[in-house]
Amino acid sequence: MVRIPSSPEFWRSPLRGPWFTSLLGVVLLAGITVLFVTGLLSYAAYNPDLSPGVNDKTPDKGLLGFYLFAWPTGPHWLYRLTQGVHVTLGITLVPVLLAKLWSVVPKLFALPPARSLAHALERLSLLLLVGGVLFEFVTGVLNVQLDYVFPGSFYPLHFYGAWVFFAAFLAHVLLKAPAAVRNLRGLRRPPQDDVEADGLTAPSPAPPTVSRRGALRLVGGSSAALFVTSAGRSFDGPLRQTAVLTPHGGPEPGEGPQGFQINKTAAYVSIDPRESSPDTWHLTVTGRGGTVRLDLAGLRQLPQHSAALPIACVEGWSTSDQWWRGVRLRDLAALVGPDEPVDVLVESLQRRGAFRRAALRANQVGDPRSLLALDVNGEPLSADHGRPARIIVPAAPGVLNTKWVARLTFGDL
Ligand SMILES: Nc1nc2c(c(=O)[nH]1)N[C@H]1C(S)=C(S)[C@@H](COP(=O)(O)O)O[C@H]1N2
Ligand SMILES: [Mo]
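Residues numbered from 1 in each chain as written. Chains lettered and ligands numbered in written order. Predicted model: local features only at pLDDT ≥ 70, side-chain atom pairs only at ≥ 80, totals over all residues. Heavy atoms only, no water.

## Brief notes about the domain arrangement of the protein
Turning to step 1, where the next piece is worked out: Split by domain assignment, the protein resolves into domain 1 (8-234) and domain 2 (273-410).
Turning to step 2, where the next piece is worked out: Computed from C-alpha coordinates alone, the two centres of domain 1 and domain 2 are separated by 39 Å.
Turning to step 3, where the next piece is worked out: Listed per partner, the contact involves 32 residues of domain 1 and 32 residues of domain 2.
Turning to step 4, where the next piece is worked out: Here domain 1 meets domain 2 over a buried area of about 2,500 Å², counting both sides, of which 53% is carbon and sulfur.
Turning to step 5, where the next piece is worked out: Contact with domain 2 buries surface across domain 1, with Thr73, His76 and Arg80 losing the most and accounting together for 27% of the total.
Turning to step 6, where the next piece is worked out: At the boundary of domain 1 with domain 2, the tally comes to 1 salt bridge.
Turning to step 7, where the next piece is worked out: One salt bridge in this structure joins aspartate 49 and arginine 361, with 3.1 Å as the shortest N-O distance.
Turning to step 8, where the next piece is worked out: Counting across the interface, domain 1 meets domain 2 through 16 residue pairs in polar contact (both at pLDDT 80 or more).
Turning to step 9, where the next piece is worked out: Secondary structure elements with two or more residues in the side of domain 1 that touches domain 2: helix 1 (18-45), helix 2 (78-92) and helix 4 (117-144). (Domains from an automatic or database assignment. Contact = heavy atoms within 4.5 Å. Buried area = accessible area lost by both parts, 1.4 Å probe. Salt bridge = Lys/Arg side-chain N within 4 Å of Asp/Glu carboxyl O. Polar contact = N/O pair within 3.5 Å; in protein donor to acceptor, adjacent residues only side chain to side chain. Helix = DSSP H or I, 4+ residues; strand = E, 2+ residues; numbered from the N terminus.)

Right, here's the structure in full:
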């Protein structure tokens, strides 16, 4: 008997078979659909169609931006939820994905490479499917682990990769759904798979070392373990301590009113302490009606408002609601222009780096909870949380909450 990977006899695990593969496939169908939708939502949440070149990391997206819409400002935890689900679910699905790929690996080596044109096309789409899913999971996990090893930016890689993968995924689901439904009819009682040539069932299986149920428990248990060690990244306080697999980008959050996660520290992005000093700092606000310069004392004389809002990063971590206090963006807009809500370009003191400026849409500027915050949890902002002033907007990704703000330009972007 020839024992090379292209011969069916090479693959001897009695676990492989249509039922096992179909069950994992159905879990991935549901999970990956949620990943795709929450991923597209995350892209929309960046306001990529506002002020081209400011927020958008994929300016050549063309038709792929067909669905973009004005990201709402409520509920205020919206992005915390969608992105928390995206990242935590993605991590949780890793064992299911690996088991699924393991279950179909004999097909990768099957010969002849193509029996017909249709078969050739199917195998080509499988290449995009498997390549695409591995690419998306690897880039996603590396990014949330803060291992920025990619050539260029993560965003275009993960965005275009998602579309290539999803097209292949859709074709695969349409081709395989009828068989999967047939295979799963006897879901409660794993049936003996037909040993006919399904390409999965081992024709000469080795004795089992684990039951199918046991194998599924192993996969489910691994997923559960990843979930409970990841989900805490969406909270602060004691729950945060359970997220043992989550890297802490900046310094440890520490204790006290400002003890919530810091993404980039002032030192890391080279904020000049003299420029950000509350004594010398000033804000330039420009609108259709002219330009106003305000120092910190001037800002504190304007009406102060509070809002309880989280920071929710694209990398899947978020904080609980913090109490921010400062000046409403719409009040600042009114200082320099007509009253109707307009967009704003926010620029920080930071000289270099992708997140030194951000564009906010009129609906975000107009929300009474959108602040240029001076205080958080009863204290003036610490240097690393954006002293002396930062943006905080409900439901928006953390990246739009610009720290160390220097200039606001209101107008149609
Ligand atoms: N100027 C500036 N603002 C910034 C950033 C930055 O790198 N530079 N990072 C953004 C990102 S990606 C996030 S998630 C939040 C994090 O805010 P925090 O460090 O106070 O938690 O700040 C945002 N504001
Ligand atoms: Mo972020």
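## Some thoughts on the sheet that holds strand 5 (residues 343-348)
Turning to step 1, where the next piece is worked out: What the 5 strands build is an open sheet, ordered 2-1-10-5-6; its pairing is mixed. With one partner strand each, in any of the chains shown, strand 2 (290-295) and strand 6 (357-360) form the two edges of the open sheet. Ignoring which end each strand starts from, the neighbouring axes of this sheet average 15 degrees apart.
Turning to step 2, where the next piece is worked out: Two strands pair when backbone bridges link them, and strand 5 and strand 10 (residues 405-411) are joined in this way by 6 bridges, in the antiparallel orientation. Paired with valine 344 across the two strands is phenylalanine 410, which belongs to strand 10. (Pairing = 2+ DSSP bridges. Axes fitted to C-alpha atoms, helices over the stretch in contact; angles between N-to-C directions.)

## As for the pattern of salt bridges
Side-chain pairs of opposite charge can arise where the charged atoms are in close proximity.
Turning to step 1, where the next piece is worked out: Considering all chains together, one arrives at 9 salt bridges under this definition.
Turning to step 2, where the next piece is worked out: In this structure, the salt-bridge partner of glutamate 122 is lysine 176, at a minimum N-O distance of 3.3 Å. Note that glutamate 122 is positioned in helix 4 and lysine 176 in helix 5 (residues 154-184), a separation of 54 residues in sequence.
Turning to step 3, where the next piece is worked out: Where aspartate 272 meets arginine 274, a salt bridge forms, and the shortest distance between an N and an O atom there is 3.1 Å.
Turning to step 4, where the next piece is worked out: Taken together, the shared-partner salt bridges in this structure form one network comprising Arg288, Glu340 and Asp412.

## Brief notes about the site of ligand 1
Turning to step 1, where the next piece is worked out: Gln261, Asn263, Gln350, Arg390 and Lys403 are the nearest of the 18 residues found near ligand 1.
Turning to step 2, where the next piece is worked out: The separation between a nitrogen atom of ligand 1 and a polar main-chain atom of phenylalanine 355 is 3.4 Å.
Turning to step 3, where the next piece is worked out: Arginine 390 places a side-chain nitrogen or oxygen 2.6 Å from an oxygen atom of ligand 1.
Turning to step 4, where the next piece is worked out: Burial of ligand 1 by the protein amounts to 99% of the accessible area it has alone, namely 530 Å².
Turning to step 5, where the next piece is worked out: Broken down by class, the residue content of the shell around ligand 1 amounts to 7 nonpolar, 8 polar and 3 charged. (Near = heavy atom within 4 Å. Areas by Shrake-Rupley, 256 points an atom, 1.4 Å probe, with all protein chains shown as cover. Nonpolar A, V, L, I, M, F, W, Y, C, P; charged D, E, K, R; others polar.)

## Description of the UniProt feature "transmembrane region" (unreviewed entry) in the protein
Turning to step 1, where the next piece is worked out: Mapped onto this numbering, the UniProt entry gives "transmembrane region" (unreviewed entry) at residues 20-41, 62-79, 85-105, 126-145 and 157-175.
Turning to step 2, where the next piece is worked out: Counting secondary structure, residues 85-105 comes out at 95% helix and 0% strand; the distance between its end C-alpha atoms is 29 Å.
Turning to step 3, where the next piece is worked out: Helix makes up 100% of residues 157-175 and strand 0%. Its end C-alpha atoms lie 27 Å apart. (UniProt positions renumbered as here; feature names shortened; annotations may be inferred.)

## So, the environment of leucine 294
Turning to step 1, where the next piece is worked out: With respect to the element layout, leucine 294 can be found in strand 2.
Turning to step 2, where the next piece is worked out: In this structure leucine 294 comes out as buried when scored by relative accessible area, which is 12%.
Turning to step 3, where the next piece is worked out: Considering only alpha carbons, one finds leucine 294 and valine 342, 48 residues apart in sequence, at a separation of 20 Å.
Turning to step 4, where the next piece is worked out: Among residues more than four places away in sequence, those in contact with leucine 294 are His282, Leu283, Val285, Leu299, Leu302, Leu332 and Leu335. (Buried < 20%, exposed > 50% of the residue type's maximum accessible area, 1.4 Å probe, protein only.)

## Some thoughts on the side chain of lysine 403
Turning to step 1, where the next piece is worked out: Relative to the helices and strands, lysine 403 is located in the loop between strand 9 (390-392) and strand 10.
Turning to step 2, where the next piece is worked out: For the buried residue lysine 403, which engages in no salt bridge, the nearest side chain bearing the opposite charge is aspartate 384, 6.7 Å off.
Turning to step 3, where the next piece is worked out: At 2.8 Å, the side chain of lysine 403 and the backbone oxygen of aspartate 384 are in polar contact.
Turning to step 4, where the next piece is worked out: Filtering out sequence-adjacent residues up to four positions away, lysine 403 remains in contact with Ile262, Asn263, Lys264, Ser348, Asp384, His385, Gly386, Ala389 and Arg390. (Lys, Arg positive; Asp, Glu negative; His and termini not counted.)

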